[in-house]
Amino acid sequence: RAELAVVVTAPRGSATQQQGASLAALATALDRASKGVVVAGPSSASQDDGVVAAVRGDESASQVSTVDVADVATGRIVVALALAEEFAGRSGAWGTSRSADGSLPR
């Protein structure tokens, strides 16, 4: 069984609010059954109608990390660093200025 998981999301507007809530519930369930989960998508996914925004706004998904720059090369490095943070028991939101914890884990 995997200890960590990455859930890759689509750009904003490609999922309904219900689908965003469903993904948040899935990520939360995966997180509880593992060492951690990172939900990653392009920067647009963190805007109002994006899946990353839905996960960030879902109180039950507060222990799930998010990255909203996975569509660029450096963003994939941020995803790997976020996985390391999850493995260490810390979660956060990284990427664009809409990310509460800055551009990358420290």
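This text gives an overview of the structure that appears in the document. (Residues numbered from 1 in each chain as written. Predicted model: local features only at pLDDT ≥ 70, side-chain atom pairs only at ≥ 80, totals over all residues. Heavy atoms only, no water.)

It is worth spelling out the nonpolar core at this point. Grouped together as the largest cluster of nonpolar side chains are 12 residues: V7, L23, A24, A27, V37, V39, A45, V51, V52, V55, A61 and V64. For this core, the secondary structure elements donating two or more residues are α1 (17–32), β2 (36–40) and α2 (51–57). Other than its neighbours up to four places away in sequence, V64 contacts A27, T28, D31, V37, V39, V55, E86, S91 and G92. Within the second largest apolar cluster, 10 residues are counted, among which are V67, A70, V78 and V79. (Core = buried A, V, L, I, M, F, W, Y, C linked by side-chain atoms within 4.5 Å. Buried < 20%, exposed > 50% of the residue type's maximum accessible area, 1.4 Å probe, protein only. Helix = DSSP H or I, 4+ residues; strand = E, 2+ residues; numbered from the N terminus. Contact = heavy atoms within 4.5 Å.)

Estimated volume of the largest pocket: approximately 180 Å³. As for the largest pocket, its lining consists of 13 residues, of which R56, A61, S62, V64 and A93 are closest to the centre. Sort the elements by how many residues they give to the lining of the largest pocket and α2 lands first, with 3 residues. (1 Å grid on protein atoms, 1.4 Å probe; cavity = no way out; pocket = protein on both sides within 12 Å on 5 of 7 lines; lining within 4 Å. Points joined across faces, edges and corners; volume = space filled by probe spheres on them.)

Spatially, the 4 strands line up as an open sheet ordered β1-β2-β3-β4, and their pairing is parallel. With partners counted over all chains shown, the strands left at the sheet margins are β1 (4–8) and β4 (93–94), one partner each. Each of β1 and β2 is contacted by α1, which is oriented at about 150° to β2, the strand it contacts most. (Pairing = 2+ DSSP bridges. Axes fitted to C-alpha atoms, helices over the stretch in contact; angles between N-to-C directions.)

A contiguous nonpolar patch, built from I77, L81 and L104 and spanning about 240 Å² of accessible area, is present on the exposed surface. Within the secondary structure layout, L104 lies in the segment after β4. (Patch = residues over 30% accessible without salt bridge, like charges linked within 9 Å, V, L, I, M, F, W, Y side chains within 5 Å. Areas by Shrake-Rupley, 256 points an atom, 1.4 Å probe, with all protein chains shown as cover. Salt bridge = Lys/Arg side-chain N within 4 Å of Asp/Glu carboxyl O.)

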